[in-house]
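# Analysis of the macromolecular model
The primary structure of each chain is shown beneath.
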Amino acid sequence: MSTHTQRRRGHGPSEHVRSGQRGTPSWRAAVGAVAVAVALAALLTACGGGSSSGPPAASSPGSAAGGGSGTVTNITLGYVPYSDDAALFYAQDGGIFRQHGLNVTFVAQASPVAVEASMASGTEQFGFVTTPVLINLNSKGVQVKCVSSVDGNEPSSDANDSTVLVAAKGSGITSIKDLAGKNVAEVQLTSLNSLAVEVLAKRAGIDPASVHLIAMPFPQMPAALAQGRVQAAVIVAPFISTALAEGAVPLIHPNVALFPNGTVTCLDVMGSYASAHAGVVAAFRAAMNESIAYSQAHQSQAKATLASHLSLSPAQAQAQILSTNWDTTLNPDSITLIEGYMKEFGLITSEPPAASMIWTPGS
Amino acid sequence: MAGAVVIPEGRFARSGPGRDWALRYGMRLAVLAAALALWQALSEAGLIRGDEFPSMTATVSALGRQAASASLWAAVRDTLAGWAIGLAIGGGCAIVIGSLAGLSGFAYRSVIGVVEFFKTIPVIAILPIALVLWGATLTMKVALVAFAVFWPLVIQVCYGVRSLDPIARDTARALRVRGAREFLMVVLPSAAPFIATGLRVSVAVALIVDIVAELIGGGSGIGAQILLAENSGPSAYPVMYAYILVAGLLGVLLAGVFTLVEGRVMHWHESYRMAAGHAG
């Protein structure tokens, strides 16, 4: 009876081992997938007569605007863990969300695109987004709207900012002009950071296409700089301290130079959720603005939340630089500016007005 | 197509008599200790920088601290939930559909092309779609694990069912064993080693996909803890690698448990008996 097994012996088992994890997802394509899926979902909902639609997690929608009015609304929020979340963590840990009638479940995710995809699924109602992703989705017809800042707008001085374009030791790069023909590490292509380098290159009078942008996670950048695999990188705290210790030279803070006081990240909702649950969205905005104001006045208390939400010791948490000017007013001009650059560099084709990407009560 | 099939082999091939048992396990421990010592030596010699890759002692002590906290055990529980449910659904569907397709030559030839096509799709490529459909939830993890496990296993089951020894089949028919009884008593036992081998591979694949889904898509578990530690910066790298170690240990543990169960369940099959017999 073993003849059949003997016959096929010799074919290795390795052919059958497929981890399914090869390659990395193209998030640019993923934004497209989100757009298509949302359109599809909208179509299906329309065909299905709209029965039983709406996010399952939200109970008693629209009634939670008044702080401490008794009803509690359950919402889920997708976020990307990093130190600028301090005010967001404080809104949770300090009970500010709760005071505004919100019971928030936090879900850590790797990128804003993953967060937006989860929002499209309806399992998350609020989420962290960067302005380029916000613009990209809106330009593809997916309505997402900024509700509040994460911790305030982009600072206007280098001292308060932690995103830096650095040149590798011995690369000979002393200004942006020298980046032509060089490899520059970026956390994600088509991100705010990569867009900023292209804009700065053009301003410096070199062809932006001559700068080779290479996608790479922040943790790998210090080693890549030290080994000469890239000659420059847009790197953030806390990874920048490793790079500087190895002799990397700071060139410029791109976001401070290009978007001072700008809204470069925010917490957003789907347009459909906002119109159906205006009270919840208003409560969320009020809670975040309160938390950001409190965090500005009590920075050590806000930073202390980083110890439990990130894998940091209390001392390390206090050493973090919060990259913010603490201004909670969402800045439509900066969104328009970023949108203009995205159009210029071919990342989007249509330019929806910035005002449509910021939630206003009654819209 | 036969090239894509894993041939079941005995799991209990032993090189020597039973008294070598202590020596064999002693050797395994020695190799493990040597690997850990080499890791520590490389760190201390400065060949691996601490802010890029933590030392063994830093990682193991981070592991100890995490093991004392609730977060590690919650992460292991959430990862195991995605693994177990995904494996059960993907594996169950593969056994049912693979058996049906394997029983009929026509059905087999009709579906095999599609199955081979889907088998080669990296799960990571459909992760964004799964996120849009289910968000960063257990459902999303389960769906991806089930998808990843299903395609390779369904082929394995097909081949197992089709590899039925004609003599066994004819004997069964001569004894008028037919229909469901024939399937349960003749076909399935004959396919069992193939299914067992496919499942053994699936146990590891399911764990990898589960953790990758947590890491890239979101959803609580070991992958999410790796992400949190990674984003916290170099000071948290020991924690990150501690969770990577946990993932590895979990893989070893699950493979060990599977091998144990497989040995118990499959002891009657001659490929297992034969190997065990050689052990003397």
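Residues numbered from 1 in each chain as written. Chains lettered and ligands numbered in written order. Predicted model: local features only at pLDDT ≥ 70, side-chain atom pairs only at ≥ 80, totals over all residues. Heavy atoms only, no water.

## Describing the domain arrangement of chain B
Residue and element names in this part refer to chain B. Segmentation of chain B into domains returns domain 1 (12–48) and domain 2 (52–273). For domain 1 versus domain 2, the separation of C-alpha centres amounts to 27 Å. Contacts between domain 1 and domain 2 engage six residues on the former and ten residues on the latter. Between domain 1 and domain 2 the total buried area reaches about 720 Å² when both faces are included, carbon and sulfur atoms providing 77% of it. On inspection of domain 1 and its partner domain 2, the count reaches zero salt bridges. Looking at the side of domain 1 that touches domain 2 residue by residue, the classes come out as four nonpolar, two polar and no charged. (Domains from an automatic or database assignment. Contact = heavy atoms within 4.5 Å. Buried area = accessible area lost by both parts, 1.4 Å probe. Salt bridge = Lys/Arg side-chain N within 4 Å of Asp/Glu carboxyl O. Nonpolar A, V, L, I, M, F, W, Y, C, P; charged D, E, K, R; others polar.)

## A few points about the confidence of the model for chain A
All names here are of chain A. Within chain A, residue pLDDT values average 84, and 80% of them lie at 70 or more. Counting interchain partners and residues more than four positions distant, the pLDDT-below-50 stretch residues 1–27 has 48 contacts. Note on residues 39–68: pLDDT under 50 across the span, and 36 contacts to partners over four residues away in sequence or across chains. (pLDDT = per-residue confidence, 0-100.)

## Topic: helix α7 (residues 166–174) of chain B
The backbone nitrogen of I167(B) has a side-chain oxygen 3.0 Å away, supplied by the residue at the start of α7(B), namely D165(B). Once α7(B) ends, the next one or two residues include R176(B), with phi positive near 60 degrees. (Polar contact = N/O pair within 3.5 Å; in protein donor to acceptor, adjacent residues only side chain to side chain. Helix = DSSP H or I, 4+ residues; strand = E, 2+ residues; numbered from the N terminus.)

## A look at the sheet that holds strand β3 (residues 126–130) of chain A
Residues and elements named next belong to chain A. As summarised here, the arrangement of the five strands in space is β2-β1-β3-β10-β4, forming an open sheet in which the pairing is mixed. The open sheet has two free edges, formed respectively by β2 (102–108) and β4 (144–148), since each of these has just one partner strand. Adjacent strand axes in the sheet meet at a mean angle of 40 degrees, parallel and antiparallel pairs treated alike. Examined bridge by bridge, β4 and strand β10 (residues 265–270) share four bridges and lie antiparallel to one another. (Pairing = 2+ DSSP bridges. Axes fitted to C-alpha atoms, helices over the stretch in contact; angles between N-to-C directions.)

## Brief notes about the packing of aromatic side chains
The tally for this structure, following the rule as stated, stands at 19 aromatic pairs over all chains. With 4.1 Å between their ring centres and 20 degrees between their planes, F126(A) and F284(A) make a pair best called stacked. Of this pair, F126(A) sits in strand β3 while F284(A) sits in helix α12 (residues 278–297), placing them 158 residues apart in sequence. Exposure remark for F126(A): the relative accessible area of 0% places this residue in the buried category. Taken together, a centroid distance of 5.5 Å and an interplanar angle of 85 degrees make the contact between F117(B) and F118(B) edge-to-face. (Phe/Tyr/Trp six-rings, centres within 6.5 Å; stacked < 30°, edge-to-face > 60°. Buried < 20%, exposed > 50% of the residue type's maximum accessible area, 1.4 Å probe, protein only.)

## Regarding a nonpolar patch on the surface
A cluster of nonpolar side chains, contributed by L253(B), V257(B), L260(B), V261(B) and V265(B), occupies part of the molecular surface with about 480 Å² of accessible area. Turning to its location among the elements, V261(B) is positioned in helix α10 (residues 237–265). (Patch = residues over 30% accessible without salt bridge, like charges linked within 9 Å, V, L, I, M, F, W, Y side chains within 5 Å. Areas by Shrake-Rupley, 256 points an atom, 1.4 Å probe, with all protein chains shown as cover.)

## Quick look at the pattern of salt bridges
Considering all chains together, one arrives at nine salt bridges over all chains under this definition. Where E351(A) meets K343(A), a salt bridge forms, and the shortest distance between an N and an O atom there is 3.7 Å. When its relative accessible area of 41% is taken as the criterion, E351(A) is described as partly exposed. Put simply, K141(B), D210(B) and E214(B) are held in one network by salt bridges that share partners.

## What about the state of the cysteines?
For the structure shown, the criterion picks out one disulfide over all chains. Here C146(A) pairs with C266(A) through a disulfide, and the sulfurs are 1.9 Å apart. Measuring the twist about the S-S bond at about -75 degrees, one finds the C146(A)-C266(A) disulfide to be left-handed. Of the two residues, C146(A) sits in strand β4 while C266(A) sits in strand β10, which places them 120 residues apart along the sequence. Across the pair, exposure class does not vary: C146(A) and C266(A) are buried alike. Looking at C93(B), it has no disulfide partner, and the nearest cysteine sulfur is the one in C158(B), 14 Å off. (Disulfide = S-S within 2.5 Å.)

## Details of the packing of helix α2 (residues 56–68) of chain B against α10(B)
Residue and element names in this part refer to chain B. At a minimum axis distance of 8 Å, the contact between α2 and α10 shows a crossing angle of 75 degrees. It follows from the interaxial angle that α2 and α10 lie roughly perpendicular. Residue-level contacts link A58, T59, A62, L63 and Q66 of α2 to P238, V239, Y241, A242, Y243, L245 and V246 of α10. Counted by class, the contact of α2 with α10 contains ten nonpolar, two polar and no charged residues. (Parallel < 35°, antiparallel > 145°, perpendicular 65-115°, else oblique.)

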